[in-house]
Amino acid sequence: MKEIPVLALTPGEPAGIGPECTIRLSYEHPELRLLAVADPDTLISAADALGYDIDIKPWQPGDNVTAGQLSCFPQTLSQTVTPGQTDPANASYVVGCIKAAVRLVRSGYAAALVTGPVHKGVINDGGIPFSGHTELLAELAGLKKVVMMLTAGDLRVALVTTHLPLREVPDAVTFENVCSSIQITHHELRTRFGIREPVIQVLGLNPHAGEGGYLGSEDAQVIQKAIDVCVAHGINARGPVPADTAFTPSRLASCDAVIAMYHDQGLPVLKHAGFGEAVNITLGLPFIRTSVDHGTALDIAGKNRADASSMYSAAKTALRMCR
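What counts and how
- Residues numbered from 1 in each chain as written.
- Predicted model: local features only at pLDDT ≥ 70, side-chain atom pairs only at ≥ 80, totals over all residues.
- Heavy atoms only, no water.
- Core = buried A, V, L, I, M, F, W, Y, C linked by side-chain atoms within 4.5 Å.
- Buried < 20%, exposed > 50% of the residue type's maximum accessible area, 1.4 Å probe, protein only.
- Contact = heavy atoms within 4.5 Å.
- Helix = DSSP H or I, 4+ residues; strand = E, 2+ residues; numbered from the N terminus.
- Polar contact = N/O pair within 3.5 Å; in protein donor to acceptor, adjacent residues only side chain to side chain.
- Axes fitted to C-alpha atoms, helices over the stretch in contact; angles between N-to-C directions.
- Parallel < 35°, antiparallel > 145°, perpendicular 65-115°, else oblique.
- Left-handed = near helix turned anticlockwise from the far one by under 90°.
- Nonpolar A, V, L, I, M, F, W, Y, C, P; charged D, E, K, R; others polar.
- Pairing = 2+ DSSP bridges.

Some points on the nonpolar core
So, step 1. Counting residues in hydrophobic clusters, the biggest one holds 91 residues, and the most contacted among them are I23, I182 and M261.
So, step 2. The contacts of M261, once residues within four sequence positions are left out, are V160, T161, V169, V173, V178, V202, L203, G204, L205 and I223.

See the structure below:
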């Protein structure tokens, strides 16, 4: 029987629920081969708080990663962690864990990267410009464009723009950005999800997709032109579709993915459909990356109330994509 691929896992913000979710995932799913890139003492403290007897084994490149235990590639915190209390001094640790995990995946020590929740504000307060995992991973891979997509069951929503203030969105919805988002999503649906002929529904930017220009020109002058070019290259892209009707059952049944123009246009529907079990995926990277769909939940950190369902969904999705 073929061995399960190794998953590199970053718990994220050490004062949040990421360490607890990591321990729960390892304990509840001993079939997984997990390589945590983290401070081992933080993981041990989380396991002790839960009362879980988990074998947390220090790991270095060349060591085996065995199912039924939690391998840990040790990283050093700047300051001691108190659950629920963030410290900007640990910003470099959080970002360093991500960078180290990417190196492990790209070097072949793990087959995919699974990331826990980080706190963007704390990282920025620590003096590191950071708008999100998606943007950092693109930078590390040397790419100008990747696509953020969330999934919940069969519902897949990709984004043209990600973590931008709303007033900056229209300027970022360019022909090139829309076109590359469609192309990357189409390619990844075929290669990572095994969908031979994907159908992609592209949303408009304005209400009613601009209503013939009366409610904005971007839909006809930018989005429609990008769709037309993609269709001419053999991509089954449809739209621009008004966002207020795009998520009706009949429309969703006729497509494999929806491309939204901005974060809060598409993700509220997806998170309503599957919060806690949704998965964040970065498309267009030279490696597989999935993530939880929730934040650091500082209010319940250290209280043994975290749910690892989303982290498990991210791990399962990563394994399916590996296949």
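A short note on the side chain of N206
So, step 1. Residue position: N206 is located in the loop between β8 (199-203) and α8 (218-232).
So, step 2. Engagement of the side chain of N206 in a polar contact is seen with the side chain of D219, the distance being 2.7 Å.
So, step 3. Each residue touching N206, except ones within four places of it in the same chain, is listed here: L215, G216, S217, E218 and D219.

A look at the packing of helix α3 (residues 91-106) against helix α5 (residues 133-140)
So, step 1. Put simply, α3 and α5 touch, their axes get as near as 11 Å, and they point 50° apart. If you check the angle between α3 and α5, you find them oblique. In this structure, the crossing between α3 and α5 has a hand that is right-handed. Listed contacts from α5 to V95, I98, K99, V102 and R106 of α3 are H133, L136, L137 and L140.
So, step 2. Taken together, the residues that form the contact of α3 with α5 break down as 6 nonpolar, 1 polar and 2 charged.

Remarks on the sheet that holds strand β10 (residues 257-260)
So, step 1. Within the open sheet, the 12 strands sit side by side as β3-β4-β2-β1-β5-β12-β11-β6-β7-β10-β8-β9. Their pairing is mixed. Only two strands of the sheet have a single neighbouring strand rather than two, namely β3 (56-58) and β9 (236-241). Taken pair by pair, the neighbouring strands of this sheet meet at an average axis angle of 25°, ignoring direction.
So, step 2. Both strand β1 (residues 6-10) and strand β2 (residues 33-38) contribute to a ladder of 4 bridges, which runs parallel.

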